[in-house]
Amino acid sequence: MDAARPALTRPPPLAGLRVLVPAVFLGWFFVYPLARILGRGMSADGFREVLTDTGLLEVAWFTVWQAAVSTTLTMVLALPAAYVFARFEFPGKAAARALLTVPFVLPTVVVGSAFLALAGPGGALGVRWDESVGLILAAHVFYNFAVVVRTVGGLWSHLDPRLVAAARVLGASPWQAFRRVTLPLLRPALAAAGSIVFLFSFTSFGVVLILGGARFATLEVEIYRQTTSFLDLGVAAALAVLQLAGVTAILLAYSRYQERRTVEQTLRPVAEAARRPRGWRERLLVAGVLGSSAVALGAPLLVLVERSLRFGGGYGLGNYRALGSRGGRGGLFTSATEAIGNSLGFAAVATVLAVVVGMLAASVVAYRRDRVSRWFDALLMLPLGTSAVTIGFGFLLALGWPVDLRTSWILVPIAHSLVAIPFVVRTVVPVMRSVRARLREAAAVLGAPPGQVWREIDLPMIARAGLVGAGFAFAISLGEFGATSFIARPDRPTLPIAIFRFLGLPGRFGQAMAMSVILMVVTAAAVLLIERFRVGHVGEF
Amino acid sequence: MTHESFLVSDDVLAAFTSETGVEVEILRAGDAGAMVNQAILTKDAPLADVLFGVDTTFLSRAVEAGIFDPYESPAASAVPADLRLDPAVTPIDFGDVCLNYDRAALEAAGVPPPAALRDLTDPAYRGLLVVENPATSSPGLAFLLATIATFPEDAGYTWRDFWTELAANDVAVASGWEEAYYSTFSFSGGDRPLVVSYASSPPAEIVFAEGEPPAEVSTGVVTDGCFRQVEFAGVLAGTDRRDDARALVDFMLGLEFQEDVPLNMFVFPANPEAAIPDVFLDHTAIPTRPVTVDPAAIETNREQWIETWTQLVLR
């Protein structure tokens with residue numbers, strides 16, 4: 001829509017803060033650390049080495065194409081599930097949606113071992129996919145499925161079902177109605193989900209390292225190698241710049257597209273849009289989609305559960321009992337309750353940070369449609385496309401002043417929130433943009449001051465999207481491993497860190513698996529709880 | 001400041017605090033490589049007072065970068081000379097990276113455990129071994145160094161020849177120890193009965209055994225071609241608590257800490273007077289002649305060795 005709307009429809013208060021808070025946060029904890037580490041390493045030699053090394057250029061190419069293929073596959077495979085979740089009511093839907101988020105948070109070491117157990121040496125499926133691109137792509141789909149279902153399904157569930165009904169009445173086939181009506185309306189969410197999946201796959205680290213054997217590497221893996229084993233900051237910086245340039249180009253293209261293609265529409269409460277399946281066709285569709293998703297996503301998870309129960313030649317709860325307390329023979333560096341406590345604490349702080357900064361930032365992106373907002377949008381997403389080791393090392397150089405935060409526990413939730421903010425922004429912006437301006441105008445004409453318009457029209461819808469974002473933020477923080485392990489930090493092991501440490505010792509595999517199952521349960525419970533909050537009186541949005 | 005694998009019993013650190021009145025706060029910073037590099041980046045304003053966990057492969061880089069305020073604990077005079085690689089730091093523990101084998105699977109394959117590294121190139125051992133990528137794994141690098149020490153550059157048969165033959169003999173490569181040991185090693189359900197691991201992996205299996213400890217360990221250790229890795233503690237330059245830092249390094253070489261080391265980190269204490277638990281001694285193979293490579297040579301050649309290895313084995 002046009003950029004210059006009358007002032008009275010321009011929403012909310014806090015105009016200055018909306019820019020300032022996110023700008024300061026990102027400037028302090030992302031831009032400045034990044035600039036310091038790149039500044040330290042950048043050299044003409046580094047770039048020359050990268051640009052003349054065919055091995056490194058192959059790595060760059062592999063990074064791009066595997067990300068593109070992973071994104072396409074995820075979108076195609078997850079769209080039917082997004083549809084079913086958006087349009088139908090079925091028993092256990094809330095629980096199913098929470099479970100869907102579980103794969104997203106599992107540490108890559110754990111998922112890697114589950115995939116290898118299925119399709120690796122001696123795998124349960126009887127096929128050998130290890131050291132092949134296939135398993136890498138499958139793992140990326142496994143990880144990102146929830147992103148598409150939730151982001152696209154989120155908007156889909158609010159689309160006015162009468163639009164499709166009208167198209168059908170006018171003679172459109174179901175496919176035509178989907179292509180001509182639904183798809184264009186979904187574009188903002190499709191693009192949002194696609195960009196996130198792409199960035200995740202683009203910067204994939206653990207998955208590529210574990211499932212690709214030694215034969216595949218992404219830029220992220222190469223930056224890690226150059227930084228931690230060679231301390232070759234020149235090459236690492238050149239690779240990081242290459243990675244950033246690619247990510248920025250994609251993001252700018254995305255946000256330009258997003259702005260042009262957004263269609264304002266009247267979003268409907270979920271209760272109006274979703275219903276129970278009617279007739280055998282719909283029932284078959286719902287059952288088929290849910291069943292196949294459950295099998296595909298559930299198999300690796302079941303493998304983990306099965307392995308956590310293997311104990312002393314049979315099955316039992318011994319691994320779980322062993323996690324109960326510290327100490328004992330061989331020492332246990334943390335009890336399960338301690339690790340759960342640490343993880344929940346960090347996740348709570350990270351979620352608050354991500355939601356506050358993310359919502360303020362989203363309102364800038366959504367309501368200011370100019371060059372500033374486009375760059376701002378790209379900047380918000382950049383942390384997703386930046387390697388964890390670059391940021392972790394940047395923190396060391398940049399955060400010694402004015403307060404020395406370099407060894408503070410707060411760095412852990414801050415790093416988590418950098419990854420989570422894009423999710424909050426991406427879930428909220430499409431909803432903010434789609435709230436029909438006419439609704440606002442009508443309210444304003446009827447005498448509501450701008451603050452009230454925002455509170456009563458925008459807020460309830462946006463708050464629901466914000467909660468979805470908060471659920472993501474919480475889940476991201478629970479599962480984050482890479483950045484956490486790079487940051488020099490006081491000894492408060494989170495669940496993923498504990499899993500990783502157990503895996504590092506022979507004979508503790510079962511305990512690592514038990515800890516992974518605990519992580520799954522905690523995540524599902526947390527997401528379920530967060531989504532139970534309801535805001536306003538508009539029904540479930 | 002230490003790495004992710006550091007482990008000590010709570011009461012041992014508490015004993016240090018009650019002796020000296022100094023509280024120890026543990027700061028973790030990734031794996032050994034990441035930790036050393038973080039210490040180098042922050043050497044003008046150190047994050048901690050003591051650094052523990054720099055090993056043979058990163059020692060030279062750390063010392064050359066000047067991150068240490070040179071200090072070797074007086075008690076180090078009792079430590080065997082082959083562990084005292086640099087007077088700027090104090091050796092705390094050592095361990096060996098060795099081939100492990102799955103007894104049952106090797107028997108089923110009809111071959112004896114290899115007696116020497118060279119045996120691995122024999123067609124009888126075709127497709128039986130998994131190693132870690134030295135570019136991404138610390139035992140992987142240690143094993144590469146073991147082969148470089150065993151088949152040196154100036155010998156008739158060099159490490160390049162060895163790896164060329166190994167690659168032709170269908171060696172599998174995993175990116176990390178976890179994948180190699182838990183997914184590819186036949187003992188954990190994979191299909192390779194030989195894996196690059198630690199001499200102390202069998203006792204760890206016993207100590208952490210799920211349920212009743214088995215009477216006999218089902219994995220064994222090949223004692224030829226083991227690479228000995230030493231871990232050091234050092235006082236970080238720029239600390240404003242030099243005396244406390246030195247006291248902590250001294251404590252780490254003291255009996256209380258040293259005797260806690262084997263069953264926490266599965267390595268040998270550097271102090272020869274420390275008593276070692278039976279379960280550890282009974283099942284840990286002590287290599288006949290562990291090999292090592294001079295830290296300075298590792299620092300100079302690391303990148304090139306890894307690059308050469310990658311060309312020979314992966315390309």
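Residues numbered from 1 in each chain as written. Chains lettered and ligands numbered in written order. Predicted model: local features only at pLDDT ≥ 70, side-chain atom pairs only at ≥ 80, totals over all residues.

### Some points on the overall build of chain A
Turning to step 1, where the next piece is worked out: What chain A contains, in helices and strands, is 24 helices and 3 strands.
Turning to step 2, where the next piece is worked out: Of all 541 residues assigned to chain A, the portion counted as buried reaches 55%.
Turning to step 3, where the next piece is worked out: A fraction of 83% describes how many contacts in chain A between residues 6 or more apart in sequence connect residues 24 or more apart. (Helix = DSSP H or I, 4+ residues; strand = E, 2+ residues; numbered from the N terminus. Buried ≥ 20, exposed ≤ 12 C-beta atoms within 10 Å, placed from the backbone. Contact = placed C-beta atoms within 7 Å.)

### Focus: the overall build of chain B
Turning to step 1, where the next piece is worked out: From N to C terminus, chain B includes 12 helices and 8 strands.
Turning to step 2, where the next piece is worked out: Relative to the globule expectation of 20 Å for 315 residues, the C-alpha radius of gyration of chain B, 20 Å, shows essentially globular dimensions.
Turning to step 3, where the next piece is worked out: Across its three principal directions, the C-alpha atoms of chain B cover 60 × 45 × 30 Å.
Turning to step 4, where the next piece is worked out: Looking at the 315 residues of chain B, the share that counts as buried comes to 55%.
Turning to step 5, where the next piece is worked out: Once local pairs closer than 6 in sequence are excluded, the contacts in chain B between residues at least 24 apart make up 74%. (Rg over C-alpha atoms; globule rule 2.2 N^0.38 Å.)

### Details of the packing of helix 14 (residues 279–309) of chain A against helix 24 (residues 509–532) of chain A
All names here are of chain A.
Turning to step 1, where the next piece is worked out: Interaxial distance between helix 14 and helix 24 falls to 8 Å at its minimum, and their mutual angle equals 130°. Classified by the angle between their axes, helix 14 and helix 24 sit oblique to one another. In this structure, helix 14 crosses over helix 24, and the sense of that crossing is left-handed. In this structure, helix 14 contributes Leu301, Leu304, Val305, Arg307 and Ser308 to the contact, and helix 24 contributes Gly510, Met513, Ala514, Ser516, Val517 and Met520.
Turning to step 2, where the next piece is worked out: Here the residues of the contact of helix 14 with helix 24 sort into 7 nonpolar, 3 polar and 1 charged. (Axes fitted to C-alpha atoms, helices over the stretch in contact; angles between N-to-C directions. Parallel < 35°, antiparallel > 145°, perpendicular 65-115°, else oblique. Left-handed = near helix turned anticlockwise from the far one by under 90°. Nonpolar A, V, L, I, M, F, W, Y, C, P; charged D, E, K, R; others polar.)

### Observations concerning the packing of helix 11 (residues 219–229) of chain A against helix 2 (residues 32–41) of chain B
Turning to step 1, where the next piece is worked out: The N-to-C vectors of helix 11 of chain A and helix 2 of chain B enclose an angle of 60°; their axes lie 8 Å apart at closest approach. Taken as axis vectors, helix 11 of chain A and helix 2 of chain B run oblique relative to one another. Residue-level inspection shows Thr227(A), Thr228(A) and Ser229(A) of helix 11 of chain A in contact with helix 2 of chain B, the latter providing Gly33(B), Ala34(B) and Asn37(B).
Turning to step 2, where the next piece is worked out: Residue classes in the contact of helix 11 of chain A with helix 2 of chain B are distributed as 1 nonpolar, 5 polar and no charged.

### Remarks on the interface of chain A and chain B
Turning to step 1, where the next piece is worked out: Contact with chain A, which involves 48 residues of that partner, is made by 52 residues of chain B.
Turning to step 2, where the next piece is worked out: Residues belonging to the side of chain A that touches chain B are distributed by class as follows: 20 nonpolar, 20 polar and 8 charged.
Turning to step 3, where the next piece is worked out: As defined by bridge partners, strand 3 (residues 489–490) of chain A adjoins strand 1 (residues 27–28) of chain B across 2 bridges and the pair is classed as antiparallel. Its bridge partner lying in strand 1 of chain B, Pro490(A) is registered against Leu27(B). (Pairing = 2+ DSSP bridges.)

### Points about the confidence of the model for chain B
Turning to step 1, where the next piece is worked out: Residues with a pLDDT of 70 or more make up 98% of chain B, whose mean pLDDT is 91.
Turning to step 2, where the next piece is worked out: What the predictor reports for the complex is a pTM of 0.85 with an ipTM of 0.82. (pLDDT = per-residue confidence, 0-100.)

### Considerations on the environment of Asn301(B)
Residues and elements named next belong to chain B.
Turning to step 1, where the next piece is worked out: Considering the arrangement of structural elements, one finds Asn301 in helix 12 (residues 295–313).
Turning to step 2, where the next piece is worked out: Classification of Asn301 as partly exposed rests on a count of 16 C-beta atoms within 10 Å.
Turning to step 3, where the next piece is worked out: Along the primary structure Asn301 and Val207 are separated by 94 residues, whereas in three dimensions their C-alpha atoms are 38 Å apart.

### Concerning the pairing of strand 7 (residues 219–235) of chain B
Residue and element names in this part refer to chain B.
Turning to step 1, where the next piece is worked out: Most of strand 7 sits out of view: 14 of its 17 residues are buried.
Turning to step 2, where the next piece is worked out: Sheet analysis places strand 2 (residues 50–55) next to strand 7, joined by 5 bridges and oriented antiparallel. Bridging from a neighbouring strand, Val50 pairs with Val235 of strand 7.
Turning to step 3, where the next piece is worked out: Pairing analysis gives 11 bridges linking strand 3 (residues 90–102) to strand 7, with the strands arranged antiparallel. Following the sheet pairing, Asp102 is matched in strand 7 by Thr219.

### Quick look at the confidence of the model for chain A
Interpretation of the predicted coordinates at a detailed level should be avoided for regions scoring low in pLDDT.
Residue and element names in this part refer to chain A.
Turning to step 1, where the next piece is worked out: The predicted model of chain A averages 83 in pLDDT, with 89% of residues at 70 or higher.
Turning to step 2, where the next piece is worked out: For chain A, per-element mean pLDDT is lowest for helix 13 (residues 270–273), which scores 63, and highest for helix 3 (residues 54–87), which scores 92.
Turning to step 3, where the next piece is worked out: Taken as a whole, residues 1–9 scores under 50 in pLDDT and shows 12 contacts with residues more than four places along the chain or in a different chain.
Turning to step 4, where the next piece is worked out: Predicted confidence is poor over residues 535–541, with pLDDT under 50, and the contacts of this stretch with residues over four places away or in other chains come to 22 contacts.

### Overview of the nonpolar core
Turning to step 1, where the next piece is worked out: Core analysis: the biggest nonpolar cluster contains 285 residues, and Ala82(A), Val148(A), Val152(A), Val424(A), Ala473(A), Ile499(A) and Met515(A) have the highest contact counts within it.
Turning to step 2, where the next piece is worked out: The element that contributes the greatest number of residues to this core is helix 16 (residues 336–367) of chain A, accounting for 17 residues. (Core = buried A, V, L, I, M, F, W, Y, C linked by C-beta atoms within 7 Å.)

### A few points about the environment of Thr2(B)
Residue and element names in this part refer to chain B.
Turning to step 1, where the next piece is worked out: Looking at where Thr2 falls in the secondary structure, it is placed in the segment before helix 1 (10–20).
Turning to step 2, where the next piece is worked out: With 23 C-beta atoms counted inside 10 Å, the residue Thr2 sits in the buried group.
Turning to step 3, where the next piece is worked out: Through-space distance from the C-alpha of Thr2 to that of Ala48 is 9.5 Å; in sequence the pair is 46 residues apart.
Turning to step 4, where the next piece is worked out: Contact partners of Thr2, with chain neighbours within four places excluded, come to Ile26, Arg28, Met35, Phe52 and Gly53.

### Let's talk about unusual backbone geometry
Turning to step 1, where the next piece is worked out: A cis amide bond links Trp401(A) to the next residue, Pro402(A), at an omega of 0°.
Turning to step 2, where the next piece is worked out: One non-glycine residue, Asp170(B), lies in the positive phi region at around 60°.
Turning to step 3, where the next piece is worked out: Structurally, the position occupied by Asp170(B) is in the loop between helix 6 (159–168) and strand 5 (172–174).
Turning to step 4, where the next piece is worked out: For Asp170(B), a count of 13 C-beta atoms within 10 Å translates into the label partly exposed.
Turning to step 5, where the next piece is worked out: Phi is positive for Phe266(B), which is not a glycine, with a value near 55°.
Turning to step 6, where the next piece is worked out: In this structure, Phe266(B) sits in the loop between helix 10 (255–265) and strand 8 (268–269).
Turning to step 7, where the next piece is worked out: Judged by the 25 C-beta atoms lying within 10 Å of it, Phe266(B) falls in the buried class.

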